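Structural features, examined
Here is what each chain is made of, one letter per residue.
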Amino acid sequence: MRYVQKLKSDIDAEDSSEGRTAVVDSLSAIGTCRIDHIVLSAAASPVHLHSPTEERLIYVLAGAASLKEGPNVFRLEANDFLFVPRSRTIVVMATDSSARLLDIQVPVSRECLSPDEAKAPPAIKGRVDENAFSVHTTHGAEGRAFDTQTLVDRKMGSKNIKAFVSLVHPGSGMGLHVHPFDQFYYVLHGQLSVRLGFDTSRMSEGNIVVFPAGLIHSNSNDGAGPALLLTINVPEVPAGTKGAYSIDLNN
């Protein structure tokens, strides 16, 4: 399937002490977003990430890493995330364990920073909390409504990224629909069946998929247990704008 890719999980590889970035090549044609897979060994050298015209979301998939932004140092472990506004420099440093991270980068306007942006907190750290999910109500689901937890959006200071974690219960999913934005799923746990146009695929832990804007797609959890997804929408739609349009092929 063209838009689905499995990320490598060899976090114990000893072939290099340097932090290394594996670009998700199959998504490189999507101009609104770039997703890198960063793998750090315990002895990795610091990795400098500079974002003069990009905002980024760092999500730790496994292990632990320290991220330094100016005078602030953040220790991130699995399921922690750090939102980094544009014009910031982040240094990713290894800890006493190996780590795998997703580095989600989204271009933003080149206009000068506003006074409010200049005074904004340099970064926002958070963690997926199993007690912080709420029932998704933005557009209808099939079966039991799935649950979501927002990580970052425009209300929290992002210009273009809306990222959230979705808990899709067995027997639930979304029927055929389209978005006016590009959407990305990374399966953190469980399995999910997806349809993109005429293609279908079954995703499992470690799979990443992109739904380009305007492409008809659907998803469903046909397994026995819940599926946990990291979902990224780029760019986030303006407040009051519809984000999903249902498709009825019989009408």
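Criteria and thresholds
- Residues numbered from 1 in each chain as written.
- Predicted model: local features only at pLDDT ≥ 70, side-chain atom pairs only at ≥ 80, totals over all residues.
- Heavy atoms only, no water.
- Helix = DSSP H or I, 4+ residues; strand = E, 2+ residues; numbered from the N terminus.
- Buried < 20%, exposed > 50% of the residue type's maximum accessible area, 1.4 Å probe, protein only.
- Contact = heavy atoms within 4.5 Å.
- Areas by Shrake-Rupley, 256 points an atom, 1.4 Å probe, with all protein chains shown as cover.
- Pairing = 2+ DSSP bridges.
- Phe/Tyr/Trp six-rings, centres within 6.5 Å; stacked < 30°, edge-to-face > 60°.
- Salt bridge = Lys/Arg side-chain N within 4 Å of Asp/Glu carboxyl O.
- pLDDT = per-residue confidence, 0-100.
- Polar contact = N/O pair within 3.5 Å; in protein donor to acceptor, adjacent residues only side chain to side chain.

1. Things to note about the overall build of the chain
If you tally the helices and strands in the chain, you get one helix and 20 strands. Buried positions account for 49% of the 251 residues belonging to the chain. Considering only residue pairs separated by 6 or more positions, the chain has 72% of its internal contacts joining residues 24 or more positions apart. Accessible area for the chain stands at about 11,900 Å²; split by element, carbon and sulfur atoms hold 50% of it.

2. Let's talk about the pairing of strand 14 (residues 182-189)
The buried fraction of strand 14 amounts to seven of the eight residues, a majority that puts the element mostly inside the structure. Bridging between strand 14 and strand 19 (residues 227-234) involves seven bridges; their strand directions are antiparallel. The residue bridging Phe184 from the neighbouring strand is Ile232, located in strand 19. In terms of strand pairing, strand 14 meets strand 17 (residues 207-211) through four bridges, oriented antiparallel. Bridge pairing links Tyr185 to Val209 in strand 17.

3. Observations regarding the packing of aromatic side chains
Each aromatic ring pair is summarised here by two numbers: the centre-to-centre distance and the angle between the ring planes. Summed over the entire model, instances satisfying the criterion amount to one aromatic pair. Centroid distance Tyr185 to Phe211: 4.9 Å. Interplanar angle 80 degrees. Geometry classified as edge-to-face. Residue Tyr185 is located in strand 14, and its partner Phe211 is located in strand 17; the two are separated by 26 residues in the primary sequence. Comparing Tyr185 with Phe211 shows no difference in burial state: the two are buried.

4. Structural notes on the pattern of salt bridges
Enumeration according to the criterion identifies five salt bridges in this entry. The salt bridge involving Asp36 is made with Arg34; its shortest N-O contact spans 3.0 Å. For Asp36, a relative accessible area of 5% translates into the label buried. For Arg34, a relative accessible area of 42% corresponds to the partly exposed category. Ionic pairing is found between Arg127 and Asp80, a salt bridge with its closest N-O pair at 2.8 Å. Highlighted residues: Arg127 in strand 9 (residues 124-127) and Asp80 in strand 7 (residues 80-84), separated in sequence by 47 residues. By relative accessible area, Arg127 is classed as partly exposed at 45%.

5. Some thoughts on the confidence of the model for the chain
Close reading of the predicted structure is inappropriate where its pLDDT is low. With 78% of its residues at a pLDDT of 70 or more, the chain has an overall mean of 80. The least confident element of the chain is strand 2 (residues 20-23), whose mean pLDDT is 51; the most confident is strand 19, at 93.

6. Describing the side chain of His177
Summarising the element assignment, His177 is placed in strand 13 (residues 173-178). In this structure the side chain of His177 is engaged in a polar contact, spanning 2.6 Å, whose partner is the backbone oxygen of Gly175. When near neighbours in sequence (up to four residues on either side) are disregarded, His177 contacts Leu215, Ile216, His217, Ser218, Ala244, Tyr245, Ser246 and Ile247.

7. Considering the side chain of Ser193
Locating Ser193 in the fold gives a position in strand 15 (residues 191-196). With a relative accessible area of 17%, Ser193 lands in the buried category. At a separation of 3.3 Å, a polar atom in the side chain of Ser193 contacts the side chain of Arg202. A distance of 2.9 Å separates the side chain of Ser193 from the side chain of Asp222, its partner in a polar contact. Those residues within four positions of Ser193 in sequence are excluded, and the remaining contacts are Ser201, Arg202, Ser218, Asn219, Ser220 and Asp222.

8. A few points about unusual backbone geometry
Here the residue pair Val234 and Pro235 is connected by a cis peptide bond, since its omega of -10 degrees sits within 30 degrees of zero. Tracing the sequence through the fold places Pro235 in the loop between strand 19 and strand 20 (245-246). Of note, Asn79 is a non-glycine position whose phi angle comes to about 75 degrees, a positive value. Mapped onto the elements of the fold, Asn79 is located in the loop between strand 6 (72-77) and strand 7.

9. Remarks on the pairing of strand 16 (residues 199-204)
Note that strand 15 and strand 16 share six bridges and pair antiparallel. Paired with Ser193 across the bridge in strand 16 is Arg202. In this antiparallel pair of consecutive strands, strand 15 and strand 16, the connection spans two residues, and Gly197 shows a positive phi of 60 degrees.

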